[in-house]
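Here's the letter readout for the chains.
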Amino acid sequence: MAFLEVKDIYKNFGETQVLKGVSFDMEKGEVFSIIGSSGNGKTTLLRCLNFLEVADGGKITVDGEQIFPIDAEGKKRAKVDKKRLTFGMVFQNFNLFPQYTALKNITLAMDVRSDNLLKAQNVKGAEKKRLLKEAKEKNEETAKQILTRVGLENKMGNYPCELSGGQQQRVAIARALALSPDILCFDEPTSALDPELTGEVLKVIKQLRDEGRTMIIVTHEMEFAKNVSDKIIFMADGVIEEMGTPAQIFDAPQSEKTRAFLSRSNEQEAGYDA
Amino acid sequence: MEQFWDIIIELTEGFGNTLLLFAVTLVFAFPLGLLLAFGSMSKFKPLKWFVKVLIWVIRGTPLMLQILLVSFIPQYVFHVPTKELAAALNITINTTMFLFVALAFVINYACYFSEIYRAGIEAIPVGQYEAGQVLGLTKNQIFSKIVLMQVIRRILPPMSNEIITLVKDTSLAQILGVIDLLNAAKHAVNHYVILTPFVYATIFYLIFNGLLTLLLGWIEKKLSYYKV
Ligand SMILES: Nc1ncnc2c1ncn2[C@@H]1O[C@H](COP(=O)(O)OP(=O)(O)OP(=O)(O)O)[C@@H](O)[C@H]1O
Ligand SMILES: [Mg+2]
């Protein structure tokens, strides 16, 4: 049984069928990149995995535990002893909290979780206050370490508006990492960035790959996808048209649609260079 | 000189009522307005439309009409004359009148505030909610820890306008005989047959609004430590 099993995911928006039965398996520590033309359901797939959208059908299993569809019993359990998140998400537009510093952006959810855990353990009163304070101090330490790992040790006290796009996205990655998700999803993490800032973000993602993180990355950066991924998923018309190693997809695509898409994106890249 | 101090004391007493009405209105209309805002954004259609119609009616009619209506309802709808109502509540007629005015003000201002809250809440990008959601926060946590601060910052300028307007609206209280600042000034003008009480009242209003403007501006500046 694979670590992540996605089976037959369907999603409609009204009359529009966006996902028409998407299935794939993924092992722990693998990195998948999802490519495909605009409007083919890449974002929608990530959003279904993160429960930002509720799929209309299908099944998602992580580490043997079915997380979608979920029954009432499972919901209760997930709420109480959620020590880690199943999926983390990094958005195209970062979505940092503007009123908090980089550090607070990261500790906010950690602190809430610490509080939840204490509540679940029925700790109360002064004892709870003390433990929560301890936990918060530890969270801050952890957050600082993570920020250092993404190269932002000098920006911890800065507000998002004081950071460049690349720095903001690195804070967003740190924020997702801080909750140690099993699988980290990226939706076009560099699309909103000036070209000269994409490198620093891609470098962080590569570093995470080397640490053995399980990641799913929707991207238009073909070179990057080729270098960083164990598998490439090519989506067309709401299904996985073709899936394989970077060598298989980029050097020997089987499907006509894949070939057409790749030659189009090659032309575009050549166009940028000219 | 003695006359001057008599007038000032009268005006100060009137100003006390003005201030009280101002404070009571804000204390109750702030939270009630937020509740109405949630109601007007509710997914439960009947509630949503009820609140929307209420807001439309309140904002579309004069506050003075609403004050009169509130004061007549006990007598005309429940057949309880104001005198009996005051006796039953063990308060003076004057206090009863003040409560009528305050009630109308609270409802009226809550409706105005609710529209400001709603606009402020709807202006928060959906990405803020989604970021909170994927971090495992509940709806309430997202609102209180992420959205609320941003809403407050956004609504402060329009709120400030309403608050300044409220200071001036308090003078409507005299329709039920409440001795507010302006009513006190009017009494003094009639009594001493001079116009200066109006000048003093003007100065009272201007000083109070000036201080409020400074305070609100200071809060606004405090909250502008980040850009959106
Ligand atoms: N909330 C929504 N309501 C209605 N339609 C939607 C919604 N979200 C997405 N869609 C539609 O679903 C389709 C797939 O959208 P999606 O964002 O998943 O594509 P994508 O592959 O991520 O595209 P891109 O490369 O441009 O990001 C599009 O046709 C889009 O218009
Ligand atoms: Mg997309």
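## Things to note about the overall build of chain B
A count of helices and strands for chain B gives nine helices and zero strands. Reading chain B from its N end, one meets helices and strands in the order α-α-α-α-α-α-α-α-α. Along the first, second and third principal axes, the C-alpha atoms of chain B reach 70 × 45 × 30 Å. Buried residues in chain B amount to 43% of all 228 residues. Restricting the contact set of chain B to residue pairs at least 6 apart, pairs at least 24 apart contribute 76%. As presented, chain B carries roughly 12600 Å² of accessible surface, and 71% of it is formed by carbon and sulfur atoms. Separation between the mean location of the 16 positive side-chain charges and that of the 12 negative ones in chain B comes to 18 Å.

## Comments concerning the packing of aromatic side chains
Enumeration according to the criterion identifies 16 aromatic pairs over all chains in this entry. Ring centres of Phe 72 of chain B and Tyr 76 of chain B lie 5.5 Å apart, and the angle between their planes is 65 degrees; this geometry places the pair in the edge-to-face category. With a gap of four residues between them, Phe 72 of chain B and Tyr 76 of chain B both fall in helix 3 (residues 63-76), about one helical turn apart. An aromatic cluster is built from Phe 30, Phe 105, Tyr 109, Tyr 112 and Phe 113 of chain B, whose rings are joined through pairwise contacts. Positioned above the aromatic ring of Phe 97 of chain A, the side-chain terminus of Arg 175 of chain A is 4.6 Å from the ring centre. We note Arg 153 of chain B situated over the ring of Tyr 226 of chain B; from NZ or CZ to the ring centre the distance is 4.5 Å.

## Focus: the pattern of salt bridges
Residues and elements named next belong to chain A. This structure, assessed with the given rule, holds 18 salt bridges over all chains. Note that Arg 47 and Glu 53 form a salt bridge whose closest N and O atoms lie 3.2 Å from each other. Residue Glu 53 is classed as buried on the basis of its relative accessible area of 17%. A salt bridge links Lys 133 to Glu 137; the nearest nitrogen and oxygen atoms lie 3.7 Å apart.

## Quick word on the environment of Leu 20 of chain B
Residue position: Leu 20 of chain B is located in helix 1 (residues 2-40). C-alpha separation for the pair Leu 20 of chain B and Asp 180 of chain B, spaced 160 residues apart in sequence, amounts to 9.5 Å.

## Side note on the pairing of strand 4 (residues 57-62) of chain A
Residues and elements named next belong to chain A. Across five bridges, the pairing between strand 1 (residues 4-13) and strand 4 is antiparallel. Following the sheet pairing, Glu 5 is matched in strand 4 by Thr 61. Across three bridges, the pairing between strand 4 and strand 5 (residues 65-68) is antiparallel. In the strand pairing of strand 5, Thr 61 is matched with Gln 66. Count of turn residues in the strand 4/strand 5 antiparallel hairpin: two residues, of which Asp 63 carries a positive phi of about 55 degrees.

## Remarks on the sheet that holds strand 7 (residues 183-187) of chain A
Strands in a sheet are paired, the pairing made by backbone hydrogen bonds, and the direction either parallel or antiparallel. Residues and elements named next belong to chain A. Judged by pairing direction, the sheet is mixed, and its six strands sit side by side in the order 6-7-8-3-9-10 without closing on themselves. Both edges of this open sheet fall to strand 6 (87-90) and strand 10 (239-244), since each of them pairs with a single strand only. For this sheet, the mean inter-axis angle between neighbouring strands, taken without regard to orientation, is 20 degrees. Sheet analysis places strand 3 (residues 31-35) next to strand 9 (residues 231-236), joined by four bridges and oriented parallel.

## Considering helix 9 (residues 196-223) of chain B
Residues and elements named next belong to chain B. Taking 1.5 Å per residue as the helical rise, helix 9 with its 28 residues ought to reach 40 Å, and the 41 Å between its terminal C-alpha atoms agrees with that figure. Turning to helix 9, its buried residues number three or more, namely Pro 197, Tyr 200, Ala 201, Phe 204, Tyr 205, Phe 208, Asn 209, Leu 212, Leu 216 and Leu 223. On its buried face, helix 9 is in contact with helix 1, helix 7 (139-169) and helix 8 (181-192).

Analysis parameters
Residues numbered from 1 in each chain as written. Chains lettered and ligands numbered in written order. Predicted model: local features only at pLDDT ≥ 70, side-chain atom pairs only at ≥ 80, totals over all residues. Heavy atoms only, no water. Helix = DSSP H or I, 4+ residues; strand = E, 2+ residues; numbered from the N terminus. Buried < 20%, exposed > 50% of the residue type's maximum accessible area, 1.4 Å probe, protein only. Contact = heavy atoms within 4.5 Å. Areas by Shrake-Rupley, 256 points an atom, 1.4 Å probe, with all protein chains shown as cover. Lys, Arg positive; Asp, Glu negative; His and termini not counted. Charge placed at Lys NZ, Arg CZ, Asp CG, Glu CD. Phe/Tyr/Trp six-rings, centres within 6.5 Å; stacked < 30°, edge-to-face > 60°. Lys NZ or Arg CZ within 6 Å of the ring centre and 35° of its normal. Salt bridge = Lys/Arg side-chain N within 4 Å of Asp/Glu carboxyl O. Pairing = 2+ DSSP bridges. Axes fitted to C-alpha atoms, helices over the stretch in contact; angles between N-to-C directions. Expected span 1.5 Å × (residues − 1).

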